[in-house]
Amino acid sequence: MRIGELAEATGTTPRALRHYEQQGLITSVRAANGYRAYDSGTAVRVRNIRRLLEAGLTLDDVRAFLPCLDGADVTAGPVSPRALQVARERLAVLDARIAAQTALRDRLASALRAAGDGAG
């Protein structure tokens, strides 16, 4: 399958696919004309990469999940202890960001109330 076909099948862009390949998350072979050719199983891997990214992980985080990216659903298979550790660390980062944003929101709402706006 060519890059455009893979992009369409997985709801991503050719640019993202080239980036995933550059990061070592997917592989292709080059056809005689220089075009990238992907195995049909790559679509499953790309969908799983996207699921992990949508869950808040980074591409670096996704590397810890490489052994389980080729199954039908990355969330259904057994996950390595390292992958679980990476996910827990990412969750802690997200929790800290949420707490910081909530604190900022609360300060702004308080300042608006003090100014007589009544918002918040």
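Residues numbered from 1 in each chain as written. Predicted model: local features only at pLDDT ≥ 70, side-chain atom pairs only at ≥ 80, totals over all residues. Heavy atoms only, no water.

Chemist: Please provide a residue-by-residue account of the overall build of the chain, values included.
Modeler: Check the secondary structure of the chain and you find five helices and two strands. Its C-alpha atoms give the chain a radius of gyration of 20 Å, clearly above 14 Å, the size a compact globule of 120 residues would have. Viewed in the frame of its principal axes, the chain has a C-alpha envelope of about 70 × 35 × 20 Å. Of the accessible surface of the chain, which amounts to about 7600 Å², a share of 55% is contributed by carbon and sulfur atoms. Computed over 17 positive and 13 negative side-chain charges, the inter-centroid distance for the chain is 4 Å. (Helix = DSSP H or I, 4+ residues; strand = E, 2+ residues; numbered from the N terminus. Rg over C-alpha atoms; globule rule 2.2 N^0.38 Å. Areas by Shrake-Rupley, 256 points an atom, 1.4 Å probe, with all protein chains shown as cover. Lys, Arg positive; Asp, Glu negative; His and termini not counted. Charge placed at Lys NZ, Arg CZ, Asp CG, Glu CD.)

Chemist: An account of the packing of helix α1 (residues 3-10) against helix α3 (residues 42-54) is requested, with residue identities and associated values reported.
Modeler: Contact geometry for α1 and α3: axes closest at 10 Å, N-to-C directions at 50°. Judged by the inter-axis angle, α1 sits oblique to α3. Crossing geometry of α1 relative to α3 is assigned as right-handed. Residues L6, A9 and T10 of α1 pack against T42, A43, V46, R47 and R50 of α3. In terms of residue class, the contact of α1 with α3 is built from four nonpolar, two polar and two charged. (Axes fitted to C-alpha atoms, helices over the stretch in contact; angles between N-to-C directions. Parallel < 35°, antiparallel > 145°, perpendicular 65-115°, else oblique. Left-handed = near helix turned anticlockwise from the far one by under 90°. Contact = heavy atoms within 4.5 Å. Nonpolar A, V, L, I, M, F, W, Y, C, P; charged D, E, K, R; others polar.)

Chemist: Tell me about the environment of D61, residues and numbers included.
Modeler: You can see D61 is positioned in helix α4 (residues 59-62). Separated by 45 residues in sequence, D61 and A16 have C-alpha atoms that sit 16 Å apart. Not counting the four nearest positions on each side in its chain, D61 is found in contact with V86 and R90. A polar atom in the side chain of D61 sits 2.6 Å from the side chain of R90. (Polar contact = N/O pair within 3.5 Å; in protein donor to acceptor, adjacent residues only side chain to side chain.)

Chemist: Which residues make up helix α2 (residues 14-22), and what values go with them?
Modeler: For α2, every residue scored as buried is listed here: A16, L17, Y20 and E21. Projected onto a plane normal to the axis of α2, the buried residues spread over an arc of 140° and lie on a single side. Pointing more than 90 degrees away from the buried face of α2 are the exposed residues R15 and Q22. The elements touched by buried residues of α2 are α1, β2 (36-37), α3 and α4. Trailing α2 by a residue or two, G24 shows a phi angle of about 80°, which is positive. (Buried < 20%, exposed > 50% of the residue type's maximum accessible area, 1.4 Å probe, protein only. Arc of directions from axis to C-beta.)

Chemist: Pulling in residues and values, what's your account of α1?
Modeler: Looking only at α1, the buried set comprises I3, L6, A7 and T10. For α1, the arc enclosing every buried residue in end-on projection is 100°, short of the 170-degree limit, so these residues lie on one face. Looking at the buried residues of α1, the elements they touch are α2, β2 and α3. Trailing α1 by a residue or two, G11 shows a phi angle of about 70°, which is positive.

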